[in-house]
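Residue strings, one per chain:
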Amino acid sequence: MFAFTKKKRELLRLQTENVMLQKSLDVMKVNLREREKQCRMLEKRVWDTDARVRHAEQESRYMEKRLREEHWEAVHSIFMKKEHGCYGTDEISGCYYNPENKKWEVAVGDCFTAGEEAERVLFERSEDARCYFELMKAFGMRPDSGQCLACYEEYLKESA
């Protein structure tokens, strides 16, 4: 009888262990389903994000192409005007003839302290100066606004 009770206890222990293992397996299956569901959701998000990235890249390429075309049209127009002599010798704001150095100047920097043009690019011919000026305008460039070196040095002397 002693052997029978020992076997019965062993059977009960194994049954209890089996039930616990089954519950643990069920929990793991639920966790696995949840993880699989999360993986599918993340995969979908990755696909959606990839699609948005491809769309943004395509749109960026289109915009770059359009911008190049617009710049080319502006540059082409400027050079055609220069080629056909459409630029006169008239001074325009930002592009003028300086009789002191006998050169055409294009303002590329303004001094906010002195209220005048501080930096200039010099040209021998009016056509070159006008072309440079028109190219600056076509590319949206404006004279830098800051403080010229002479005004800054004067400021340092006064504040010392």
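Draft legend 1. Quick peek at the nonpolar core. Grouped together as the largest cluster of nonpolar side chains are 8 residues: Cys95, Trp104, Val106, Val108, Phe123, Ala129, Phe133 and Met136. Secondary structure elements with two or more residues in this core: strand 2 (103-111) and helix 2 (126-138). Every residue in contact with Ala129, bar those within four places of it in the chain, is listed here: Cys95, Trp104, Val106 and Phe123.

Draft legend 2. Spotlight on the environment of Ala107. Its location among the elements puts Ala107 in strand 2. On a C-alpha basis, the gap between Ala107 and Gly94 in space is 5.2 Å, while along the polypeptide they are 13 residues apart.

Draft legend 3. Summary view of unusual backbone geometry. Despite not being glycine, Lys102 shows a phi value in the positive range, around 55°. Mapped onto the fold, Lys102 is located in the loop between strand 1 (95-98) and strand 2.

Draft legend 4. View of helix 2. Compared with the 18 Å implied by 1.5 Å per residue over 13 residues, the 18 Å span of helix 2 between its first and last C-alpha is a close match. Along helix 2, the positions that sit buried rather than exposed are Ser126, Ala129, Arg130, Cys131, Phe133, Glu134 and Met136. Where helix 2 ends, the next residue or the one after it, Gly140, has phi of about 75°, a positive value.

Reading the values: the criteria
- Residues numbered from 1 in each chain as written.
- Predicted model: local features only at pLDDT ≥ 70, side-chain atom pairs only at ≥ 80, totals over all residues.
- Heavy atoms only, no water.
- Core = buried A, V, L, I, M, F, W, Y, C linked by side-chain atoms within 4.5 Å.
- Buried < 20%, exposed > 50% of the residue type's maximum accessible area, 1.4 Å probe, protein only.
- Helix = DSSP H or I, 4+ residues; strand = E, 2+ residues; numbered from the N terminus.
- Contact = heavy atoms within 4.5 Å.
- Expected span 1.5 Å × (residues − 1).

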